[in-house]
Amino acid sequence: MPEPPSLGQRAFEHIEYLAAKLGPRPAGSATEREAFDYLAEQLGQWGYAVEALPAPFAPHPRFFARFALGGVALLAGGLALLGYPLPALLVPILIALLPDLAREMIRRAPRPAQSRNLLAFTSADTTAPTLLLVAHVDSAPASAFTAPAVLWLHQNIMFIALRVAWAVAAVAALQLIGLDVPPFAVWLASGTGMLVGGGWVLLEALSQRGRGARWSPGAHDNASGVGVLLALAEYYAAQPPARQRVGFAFTGAEETGLHGAEALAARPELAGQRLAVLNLDMVGAGPVLRYVTQDGALRPRPTNTRLNDLIRQADPGAQPISYVLRSGDYLPFLRRGLPVS
């Protein structure tokens with residue numbers, strides 16, 4: 001008698017279906033709806049009562065200028081060093097705040113488009129401690145860049161710019177307190193700031209010009225997380241935990257600004273439960289398991305230390321990561337004070 005497929009094999013079968021057969025799944029698209037139909041069918045076959053929930057979202061505009069504001073600020077700060085250095089002090093603060101500002105503007109934008117969330121639980125009573133596993137279904141636009149070096153630069157330009165901005169601000173501070181800064185150092189800091197800032201603006205303009213022209217099939221981001229959740233859902237359907245409830249939340253419109261998770265986290269019944277949340281995203285995208293320890297730069301929000309301890313117990317090789325300039329579906333739950341990792 002053949003061995004039953006492992007959890008990894010089952011997860012891979014779902015990943016292959018979502019990424020290879022369905023392909024790109026932009027929020028609100030027909031293929032995203034097909035993916036949700038597939039998930040509901042699988043969960044129903046295993047005996048779950050599946051709840052479909054609306055997830056309204058705000059589609060990204062054709063050009064999202066807010067992503068390039070940091071480059072404009074750095075370019076201006078580098079130029080300011082040559083005559084009036086005071087504005088250069090504010091540039092690293094603006095760049096550090098930019099992700100939070102962009103998220104807040106996205107949260108407040110009208111949400112005329114529709115995605116959905118799917119929610120299912122094992123059979124334990126609602127009063128039991130609940131672990132809610134979360135993975136987003138939609139996939140992101142593919143990068144407009146294909147050259148590896150340019151692709152890497154675009155993915156890391158904000159991190160590079162933030163470090164250059166601090167260097168520019170340091171030179172500005174030395175000038176303002178009256179220290180004699182060598183002209184070469186001033187010109188070097190100014191030129192680097194203008195070069196990196198201008199490069200950021202150019203990269204963002206070129207990238208967004210092609211936005212929506214190509215879409216990623218989303219194998220890593222995030223059919224991988226969805227496949228793992230489905231494999232676990234099948235396993236726990238046959239062997240449900242006796243004293244704990246496990247929930248499976250498949251969210252939509254993550255790539256548009258965490259809209260699906262935002263709608264799910266806002267449900268009042270979640271606040272009254274003994275609930276912990278674990279978000280799975282880009283599973284297997286690197287050689288080690290990563291878990292997020294905090295989110296944000298100037299107002300960091302720590303994730304739950306107990307959950308992080310349990311992750312390290314399960315995988316001693318797991319490595320912490322702090323998300324400063326990007327986020328995932330854990331953030332809406334974190335904002336509401338729920339234990340999340």
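Residues numbered from 1 in each chain as written. Predicted model: local features only at pLDDT ≥ 70, side-chain atom pairs only at ≥ 80, totals over all residues. Heavy atoms only, no water.

Chemist: Outline the overall build of the protein, supporting the account with residue identities and numerical values.
Modeler: Looking only at helices and strands, one finds 11 helices and 8 strands in the protein. Since a compact globule built from 341 residues should have a radius of gyration of about 20 Å, the 23 Å found for the protein is in line with a globular shape. Looking at the 341 residues of the protein, the share that counts as buried comes to 44%. Across the protein, every contact between residues at least 6 apart in sequence was considered, and the portion connecting residues at least 24 apart equals 86%. When the accessible surface of the protein is split by element, carbon and sulfur atoms take 63% of a total near 16,700 Å². Positive and negative side-chain charges in the protein, numbering 27 and 25 respectively, have mean positions lying 6 Å apart. (Helix = DSSP H or I, 4+ residues; strand = E, 2+ residues; numbered from the N terminus. Rg over C-alpha atoms; globule rule 2.2 N^0.38 Å. Buried < 20%, exposed > 50% of the residue type's maximum accessible area, 1.4 Å probe, protein only. Contact = heavy atoms within 4.5 Å. Areas by Shrake-Rupley, 256 points an atom, 1.4 Å probe, with all protein chains shown as cover. Lys, Arg positive; Asp, Glu negative; His and termini not counted. Charge placed at Lys NZ, Arg CZ, Asp CG, Glu CD.)

Chemist: Talk me through helix 10 (residues 305–314); I want residue IDs and the actual numbers.
Modeler: Of the residues making up helix 10, those classed as buried are Leu307, Asn308 and Ile311. Looking down the long axis of helix 10, one finds its buried residues gathered within 100 degrees of arc, a one-sided arrangement. Relative to its buried face, helix 10 has exposed residues pointing more than 90 degrees away, namely Thr305 and Gln313. Looking at the buried side of helix 10, the elements it contacts are strand 5 (275–279) and strand 6 (290–295). (Arc of directions from axis to C-beta.)

Chemist: I'd love a proper account of the sheet that holds strand 4 (residues 245–251), names of residues and values included.
Modeler: Ordered in space as 1-2-4-3-5, the 5 strands form an open sheet in which the pairing is mixed. Among the strands making up the open sheet, the edge pair consists of strand 1 (51–57) and strand 5. For this sheet, the mean angle separating the axes of adjacent strands, direction not counted, is 25 degrees. Note that strand 1 and strand 2 (residues 113–121) share 7 bridges and pair antiparallel. Pairing of proline 56 across the sheet is with glutamine 114, part of strand 2. (Pairing = 2+ DSSP bridges. Axes fitted to C-alpha atoms, helices over the stretch in contact; angles between N-to-C directions.)

Chemist: Residue-level account of the side chain of histidine 136, with values.
Modeler: Here histidine 136 lies in strand 3 (residues 130–136). A polar contact is formed between the side chain of histidine 136 and the side chain of aspartate 281, at a distance of 3.4 Å. Excluding residues that lie within four positions of it along the chain, histidine 136 makes contacts with Asp221, Asn222, Val226, Thr251, Glu254, Glu255, Asp281 and Asp329. (Polar contact = N/O pair within 3.5 Å; in protein donor to acceptor, adjacent residues only side chain to side chain.)

Chemist: Report on the packing of helix 2 (residues 30–45) against helix 7 (residues 219–238), specifying residues and quantitative values.
Modeler: Packing of helix 2 against helix 7 leaves a shortest axis separation of 10 Å and a crossing angle of 15 degrees. Regarding the angle of helix 2 to helix 7, the classification is roughly parallel. Remark: the crossing between helix 2 and helix 7 carries right-handed chirality. Across the interface between the two elements, Tyr38, Leu39, Gln42 and Leu43 of helix 2 pack against Val226, Leu230 and Ala233 of helix 7. (Parallel < 35°, antiparallel > 145°, perpendicular 65-115°, else oblique. Left-handed = near helix turned anticlockwise from the far one by under 90°.)

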